[in-house]
Amino acid sequence: ALPISLTSKDFVLTDNGVAQTVEMLESESLPVDVTVLMETGEAIEGYRKSLNEQVRRIAALMRPTDRIEVLGIDNYVHVLVPFGPPTRTLTVEAFTGGGMMAPNDAIVAALLRQADPDRRHLVIAMSDTIDSMSTLTMAQVRDVAKHSQATLVISWITLSADGAPSTDRPTPWA
């Protein structure tokens, strides 16, 4: 989290159009729950190491009071790593999903989860797939996101045209 150094002079407060004096400004930092949605289909199995590294990078940015979980996206939503501290092992050992993907349904499931009222909720969806079986449309995902208390970030993983140094596979980047 970036430090914010706002003072009462940075705000203008009015009451029925009459300027008021701001004497004190209190800042509160709430803990965050981070839900990472990771595609787990057969097609992306070769990129599991890179996706795990992305999750570790996200966790490294978190505070000890924050919590992180990893959910798998395939034809169902699976809890791969349950909520817990960001300092523990977050590696997903194997991808077992099939070829059909339901990212829209997975995103909405994450957004609709009941959040702890004393925490903020961030949902990060990592995928490179085209939705092939969700019951929900992207327009419905946007509508749910507008009404959710969670913040949604979609990270579209693209495969570069360059091969990885020791393989013929394209290297992923997010």
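Residues numbered from 1 in each chain as written. Predicted model: local features only at pLDDT ≥ 70, side-chain atom pairs only at ≥ 80, totals over all residues. Heavy atoms only, no water.

Some points on the packing of aromatic side chains
1) Next: For the coordinates displayed, the defined rule picks out 0 aromatic pairs.
2) Next: Cation over ring: R67 sits above F83, and NZ or CZ is 5.2 Å from the ring centre. (Phe/Tyr/Trp six-rings, centres within 6.5 Å; stacked < 30°, edge-to-face > 60°. Lys NZ or Arg CZ within 6 Å of the ring centre and 35° of its normal.)

Quick word on the confidence of the model for the protein chain
1) Next: Here the protein chain averages 81 in pLDDT, while 83% of its residues score no lower than 70.
2) Next: Taken together, the stretch residues 170-174 has pLDDT below 50 and engages in 24 contacts with residues farther than four places along the chain or on a different chain. (pLDDT = per-residue confidence, 0-100. Contact = heavy atoms within 4.5 Å.)

Re the nonpolar core
1) Next: Of all hydrophobic cores here, the largest spans 19 residues; its most connected members are V34, V36, M38, V55, I58, I68 and M126.
2) Next: Secondary-structure elements contributing two or more residues to this core are β3 (32-39), α1 (48-60), β4 (67-73) and β6 (120-127).
3) Next: Those residues in contact with V34 that sit more than four places away from it in its chain are I58, M62, R67, I68, E69, F83, L122 and I124.
4) Next: Judged by nonpolar contacts, the second largest core, of 12 residues, contains L71, A106, A110 and A150. (Core = buried A, V, L, I, M, F, W, Y, C linked by side-chain atoms within 4.5 Å. Buried < 20%, exposed > 50% of the residue type's maximum accessible area, 1.4 Å probe, protein only. Helix = DSSP H or I, 4+ residues; strand = E, 2+ residues; numbered from the N terminus.)

Regarding α1
1) Next: With 13 residues, α1 extends 18 Å between its outermost C-alpha atoms, agreeing within 8% with the 18 Å of an ideal straight helix rising 1.5 Å per residue.
2) Next: Residues L51, N52, V55, I58 and A59 constitute the buried set of α1. Projected down its long axis, α1 shows its buried positions confined to an angular sector of 115°, all on one face. Opposite the packed face of α1, turned more than 90 degrees from it, sit the exposed residues K49 and A60.
3) Next: In this structure, the buried residues of α1 make contact with β3, β4 and β6. (Expected span 1.5 Å × (residues − 1). Arc of directions from axis to C-beta.)

Topic: helix α2 (residues 103-112)
1) Next: In terms of residue burial, α2 counts as a mostly covered element, since 7 of its 10 residues are buried.
2) Next: Along α2, the positions that sit buried rather than exposed are P103, N104, A106, I107, V108, A110 and L111.
3) Next: In this structure, the buried side of α2 is in contact with β3, β4, β5 (77-84), β6, α3 (138-147) and β7 (151-156).

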